Amino acid sequence: AGVGKLLKNWDTRRPINKSTDACPTIPGGINRVAVGPKGRTVVGASNSGTLYFWQGNNGKLLTTIRNHRQEITSLAVSEDGSVMVTGSRDEKAQLWNEQGPLALLNGHSDQIHLADISSDGLFAAIADPSNLVTIWNTADYQKMTEFSVDSGGKLMGIHLLCQAPWILTVTEDG
């Protein structure tokens, strides 16, 4: 995955190659992006450990929050936009809202490789490079379970279903 330094907000009703607004260049670049409900807010995660929040309709920077010491490697937002989860190379997984951090999900002993949040925002899934997946309850910030995805390949994606404890995984079997 590459790193971008310029985020543009495109209006597909305009002629090709015409963007509505460009967000300011981000030091260190943006490596993950997620969109809140109805496109009202765009969230970008950076290599510097900072989250950026922009207005979805015009690209205006609303706020920045820094609470990771290293690159944010994963970002997911609940369908209603009330909660998001990030994972980082600093071995931290965190729950957030637009005002700031809600909780640190402690107990990870390796960098965070993947993270997802259920559409209802009630559960978060965190995976490390060894394919260890941890499921968290976002209401009380407690670890529910953890398991290893043993498929002979690298875990490439996770997706929590609303009917937890069901989770979809994608592996690079080789």
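Here, every reference points to the structure presented above.
Cut-offs used in this document
- Residues numbered from 1 in each chain as written.
- Predicted model: local features only at pLDDT ≥ 70, side-chain atom pairs only at ≥ 80, totals over all residues.
- Heavy atoms only, no water.
- Helix = DSSP H or I, 4+ residues; strand = E, 2+ residues; numbered from the N terminus.
- Buried < 20%, exposed > 50% of the residue type's maximum accessible area, 1.4 Å probe, protein only.
- Contact = heavy atoms within 4.5 Å.
- Areas by Shrake-Rupley, 256 points an atom, 1.4 Å probe, with all protein chains shown as cover.
- Salt bridge = Lys/Arg side-chain N within 4 Å of Asp/Glu carboxyl O.

Undergrad: Explain the overall build of the chain to me, please; I cannot follow it from the model alone.
TA: The helix and strand inventory of the chain stands at 0 helices and 16 strands. Taking all 174 residues of the chain together, the buried fraction comes to 44%. Considering only contacts in the chain between residues 6 or more positions apart, those separated by 24 or more positions represent 34%. Surface exposure of the chain reaches about 9200 Å², of which carbon and sulfur atoms provide 49%.

Undergrad: Got a minute to help me understand the pattern of salt bridges in this structure?
TA: Any two side chains of opposite charge can pair if their charged atoms end up close together. One pass over the structure, following the stated rule, counts 1 salt bridge. A salt bridge links Glu146 to Lys143, with the shortest nitrogen-to-oxygen separation between them at 3.5 Å. Given the relative accessible area of 40%, Glu146 is considered partly exposed. Relative accessible area serves as the criterion here: at 39%, Lys143 is assigned to the partly exposed category.

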